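Close look at the chain arrangement
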Amino acid sequence: MTRSRDHDETVIAMIRDDPQFAAEYLRIAFEELDEEGGDIAFISALRHVVEARGGMTVIAAKTGLSRESLRRALSPSGNPTLKTMRQVVHATGLTFAAIA
C-alpha cells in the first residue's frame, strides 16, 4: 500500500527538490493577485515556500519577526504588510523582481 501526501506536503517537497520552482510558483501566484481570492492564494504560496526553505522558525529569525507574528501574517486570514512580505520573500532567498 502506498502512502499518499496531501497537497501542501507535495508542493513543499517540489519546492525543496527544485529551487527554481519556488520562483515560478510565486510568480504565477503573483500574476493572479488581482483575481478573486488571489491574495489568499499568494499568501498560501508564500507559506509553502517558507516551509520549504526552512520553516517558520528559520524564516522568522532571518526576518527579525517572531515566529508567531510570521505564522499569523501567513495564515489564511492574515493581512501582512508589504514590508513584512518583502522581508519574508527576501528571507527565502528570492526577490519581488524575480517573481514579478
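Right, let's walk through the structure included here. It should be emphasised that the depicted structure is a prediction, and the values quoted were computed from it without experimental measurement.

Next up on the list: the overall build of the protein. A tally of regular secondary structure across the protein gives seven helices and zero strands. Order of helices (α) and strands (β) in the protein, N terminus to C terminus: α-α-α-α-α-α-α. The C-alpha atoms of the protein give 13 Å as radius of gyration, which agrees with the globular expectation for 100 residues (13 Å, within 12%). If one aligns the C-alpha atoms of the protein with their principal axes, the spans along those axes are about 45 × 30 × 25 Å. Burial statistics for the protein: of 100 residues in total, 38% are counted as buried.

Let us look at the environment of T92. Structurally, T92 is set in the loop between α6 (82-91) and α7 (96-99). Each C-alpha atom of the pair T92 and T63 lies 9.6 Å from the other, and the pair is 29 residues apart in sequence. Ignoring anything within four residues of it in the chain, the contact list for T92 reads V49, V50, R53 and I59.

Attention now moves to the environment of H7. Along the chain, H7 turns up in helix α1 (residues 7-17). Sequence separation of H7 and E36 is 29 residues, and the distance between their C-alpha atoms is 21 Å.

The next thing to look at is the pattern of salt bridges. Across all of its chains, the model carries four salt bridges by this definition. For the salt bridge of R27 with E24, the shortest nitrogen-to-oxygen distance reads 2.5 Å. One end of the pair, R27, and the other, E24, are both in helix α2 (residues 19-31), three residues apart, so they sit about a helical turn from each other. Note on E24: relative accessible area 35%, which makes it partly exposed. A single salt-bridge network, built from bridges that share partners, covers E24, R27 and E31.

Here we come to the nonpolar core. Of all hydrophobic cores here, the largest spans 27 residues; its most connected members are L26, F42 and L74. Secondary structure elements with two or more residues in this core: α1, α2, α3 (38-52), α4 (56-63), α6 and α7. In this structure, L26 is in contact with F42, A45, L46, V49, L94 and I99, ignoring residues within four places of it in sequence.

Now for the packing of α2 against α3. As a packed pair, α2 and α3 sit with axes 8 Å apart at the nearest point and diverge in direction by 170°. As far as their axial angle goes, α3 and α2 are roughly antiparallel. The crossing of α2 and α3 is left-handed. The segment α2 lies against α3, with A22, Y25, L26, A29 and F30 engaging A41, F42, A45, L46, H48 and V49.

Rules of the game
- Per-chain numbering applies: the sequence of each chain, read as written, is numbered from 1 onward.
- Per-residue local features are limited, in this predicted model, to residues with pLDDT of at least 70; the limit for side-chain atom pairs, both in listing and counting, is 80 or more; totals at the level of whole chains, interfaces and linings are taken over all residues.
- Hydrogens and water molecules were not included; the side-chain quantities draw on all heavy atoms of the structure.
- Only DSSP runs of H or I reaching four residues or more are called helices, and only runs of E reaching two or more are called strands; each is numbered from the N terminus.
- Every radius of gyration here is taken over C-alpha atoms, with the globule rule written as 2.2 Å times N^0.38, N being the number of residues.
- Exposed residues in this analysis have more than 50% of their type's maximum accessible area, buried residues have under 20%, and partly exposed residues fall in between, with area computed by a 1.4 Å probe over protein chains only.
- Only heavy atoms matter for contacts: two residues are in contact if any of them lie within 4.5 Å across the pair.
- Should a side-chain nitrogen of Lys or Arg be within 4 Å of a carboxyl oxygen of Asp or Glu, the pair is scored as a salt bridge.
- Buried residues of nine kinds, namely Ala, Val, Leu, Ile, Met, Phe, Trp, Tyr and Cys, make up a nonpolar core once their side-chain atoms join them within 4.5 Å.
- The angle between two axes is taken between their N-to-C directions and runs from 0 to 180 degrees, where each axis is a line fitted to C-alpha atoms and a helix contributes only its stretch in contact.
- The scheme is simple: roughly parallel for angles under 35 degrees, roughly antiparallel for over 145, roughly perpendicular for 65 to 115, oblique for anything else.
- Helix crossings are classified by the rotation of the near helix relative to the far one: an anticlockwise turn of less than a right angle makes the crossing left-handed, while a clockwise turn makes it right-handed.

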